[in-house]
Amino acid sequence: SAPWRLAGQELSDAQDDAVRLAMLDQEQAGLKTVTDGEVRRRHYIWGFLDGLTGIDTENLAKARSRGGRYAETTEVARIVGPVERKGPVLLEACQFARAATSQRLKVTMPGAMTIVDSVADEYYGVDRKTLAMKFAAILNAEARELAAAGADVIQFDEPCFNIYLDEVEAWGIEALEACLEGVSARHAVHICYGYGTPTVLAWKKQNTDWGHYGVTFPLLAKSSVNQVSVECAASGVDLAVLRELAEKDVMFGAIDVGTEEVETADMVAGRLRRALQYVPAERLFPCTDCGLVPRSREASQGKMRALAEGAAIVRAELTSTKRRELAVP
Ligand code: ZN
């Protein structure tokens, strides 16, 4: 999480400009569901925790997180007092984004399990589930306000659902449901194998067990979640597992976010055709594997274009064969 280079009014003006450009990039690429690019956040977790009391996201602690998958210890925020949401955290940003596009708007927040795995609790001294349910209540209050402000999709990012499989079953789904309860938008969860950063790429390269979705999908299939965002381009996941999502929408990762190499539209179309063996077209939403934050502007723009163009190729094939239309990315 890099420090801001500007401050005060200059910073907020620059953030507004960055949001407009990020949204324009997505629209010009041809995407139909867009976000504000999360460019107001230094980090996808701290960006939310910064808006709460009782959490220090500046003086970090070192702790084992992500099951020690990527490193022995990682920097984590510290809970140093009562954690409360005194007011909305992302509401103004959501309102700005809503006014800036007529496309479908998605807002993302860190999921409760992933937050718990990214903090050192120096105050409450409770177990992970209890802490997660506390954050879930806070996230739910926020999500309800964002949906009321016009967010079409509320997505919780839960990369930890690919790590702590026992906890997902024991309380992770329950915490996710608590986050989404009563939220008047499409309910989405994003479960990936991490950003395309060097430590994550090194882990992926030597990893041989890609069976995590096989455990979590049957649980999610029974949940109230509408859409599940999955990493399929850069992982070794067997696509047959997508069948386990039953009636859910599948946000299918067809773009590798770990490389600067831009996919061709034909490559993306090939990936989508393989997914169509397991997911009906009306529930298949072409998507990137994860966020594009580690990528250059050129690669990000190219990858988003390839995504939209690849989807267009397959959509045309489906229409010509009189099959149901492919959902737009
Ligand atoms: Zn991700």
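This one's a predicted model, so the numbers in the text were calculated from it and none came from an experiment.

*Asks:* Hey, could you run me through unusual backbone geometry in this one?
*Replies:* Comment: phi is negative for the bulk of residues other than glycine, and the bulk of peptide bonds are trans. Here the phi dihedral of Glu38 falls at roughly 55°; this positive angle occurs in a residue that is not glycine. Mapped onto the secondary structure, Glu38 falls in the loop between β1 (33-34) and α2 (46-49).

*Asks:* Can you help me understand helix α8 (residues 212-221) in this one?
*Replies:* One turn of an α-helix holds 3.6 residues; hence residues three or four places apart share an orientation. Turning to α8, its buried residues number three or more, namely His212, Tyr213, Thr216, Phe217, Leu219 and Leu220. End-on, the buried residues of α8 take up no more than an arc of 165°, which puts them together on one face. The inward-facing, buried residues of α8 contact α6 (165-180), β7 (186-191) and β8 (227-230).

*Asks:* Would you take a moment to explain the sheet that holds strand β2 (residues 55-63) for this structure?
*Replies:* The pairing of strands in a sheet happens through backbone hydrogen bonds and is either parallel or antiparallel. Reading across from one edge, β2-β3-β5 is the order of the three strands in this open sheet, with mixed pairing throughout. In this open sheet, the two edge strands, each paired with only one partner strand, are β2 and β5 (119-121). Neighbour to neighbour, the strand axes of the sheet diverge by 45° on average, direction disregarded. Of the pairings in the sheet, the one linking β2 to strand β3 (residues 74-79) comprises five bridges and is antiparallel in character. Bridge pairing links Ile55 to Ile79 in β3.

*Asks:* When you look at the packing of aromatic side chains in this model, what are you seeing that I'm missing?
*Replies:* The description of an aromatic ring pair rests on the distance of the ring centres and on the angle between the ring planes. Inspection of the entire model under this criterion finds eight aromatic pairs. For the pair Tyr213 and Phe217, a centre-to-centre distance of 4.6 Å together with 15° between the ring planes defines the contact as stacked. One end of the pair is Tyr213 and the other is Phe217, both in helix α8 and four residues apart, which spans about a single turn. Summarising the burial analysis for this pair, Tyr213 and Phe217 share the class buried. Feature note: the residues Tyr70, Tyr193, Trp203, Trp210, Tyr213 and Phe217 constitute an aromatic cluster, connected by ring pairs.

*Asks:* Just checking my understanding: could you explain the sheet that holds β1 for this structure?
*Replies:* One open sheet accounts for seven strands, arranged β1-β4-β6-β7-β8-β9-β10; its pairing is parallel. Both outer strands of the open sheet, β1 and β10 (284-288), are each paired with one neighbouring strand and no more. Along the sheet face, α6 touches β6 (153-157) and β7 and points at about 150° away from the line of β6. Strands in contact with helix α9 (residues 265-275) are β9 (249-255) and β10; relative to β9, the strand with the most contacts, it is inclined by about 145°.

*Asks:* Explain the coordination of the zinc ion to me, please; I cannot follow it from the model alone.
*Replies:* A metal bound by six donors in octahedral fashion has ideal angles of 90 or 180 degrees, whereas one bound by four tetrahedral donors has an ideal angle of 109.5 degrees. Looking at the zinc ion, one finds its protein donor set to be His190 (NE2), Cys192 (SG) and Cys290 (SG), positioned 2.1 to 2.3 Å from the metal centre. Along the chain, the residues donating to the zinc ion are arranged with the sequence spacing H-x1-C-x97-C. With a relative accessible area of 6%, His190 lands in the buried category.

*Asks:* Help me understand the packing of helix α1 (residues 8-29) against helix α10 (residues 297-320), please; the structure alone is not making it clear to me.
*Replies:* Packed helices, taken two at a time, are described by the angle between their axes plus the distance between the axes. Contact geometry of α1 with α10 gives a least axis separation of 8 Å together with a crossing angle of 35°. With respect to the hand of their crossing, α1 and α10 are arranged in right-handed fashion. Counting all contacts with α1, which are made through Asp25, Gln26 and Ala29, the residues of α10 involved are Gln301, Met304, Arg305 and Ala308. Of the residues belonging to the contact of α1 with α10, the class tally is three nonpolar, two polar and two charged.

Reading guide: rules and limits
Residues numbered from 1 in each chain as written. Predicted model: local features only at pLDDT ≥ 70, side-chain atom pairs only at ≥ 80, totals over all residues. Heavy atoms only, no water. Helix = DSSP H or I, 4+ residues; strand = E, 2+ residues; numbered from the N terminus. Buried < 20%, exposed > 50% of the residue type's maximum accessible area, 1.4 Å probe, protein only. Arc of directions from axis to C-beta. Contact = heavy atoms within 4.5 Å. Pairing = 2+ DSSP bridges. Axes fitted to C-alpha atoms, helices over the stretch in contact; angles between N-to-C directions. Phe/Tyr/Trp six-rings, centres within 6.5 Å; stacked < 30°, edge-to-face > 60°. Donors = N, O, S within 2.8 Å, 3.2 Å for Na, K, Ca; no water. Left-handed = near helix turned anticlockwise from the far one by under 90°. Nonpolar A, V, L, I, M, F, W, Y, C, P; charged D, E, K, R; others polar.

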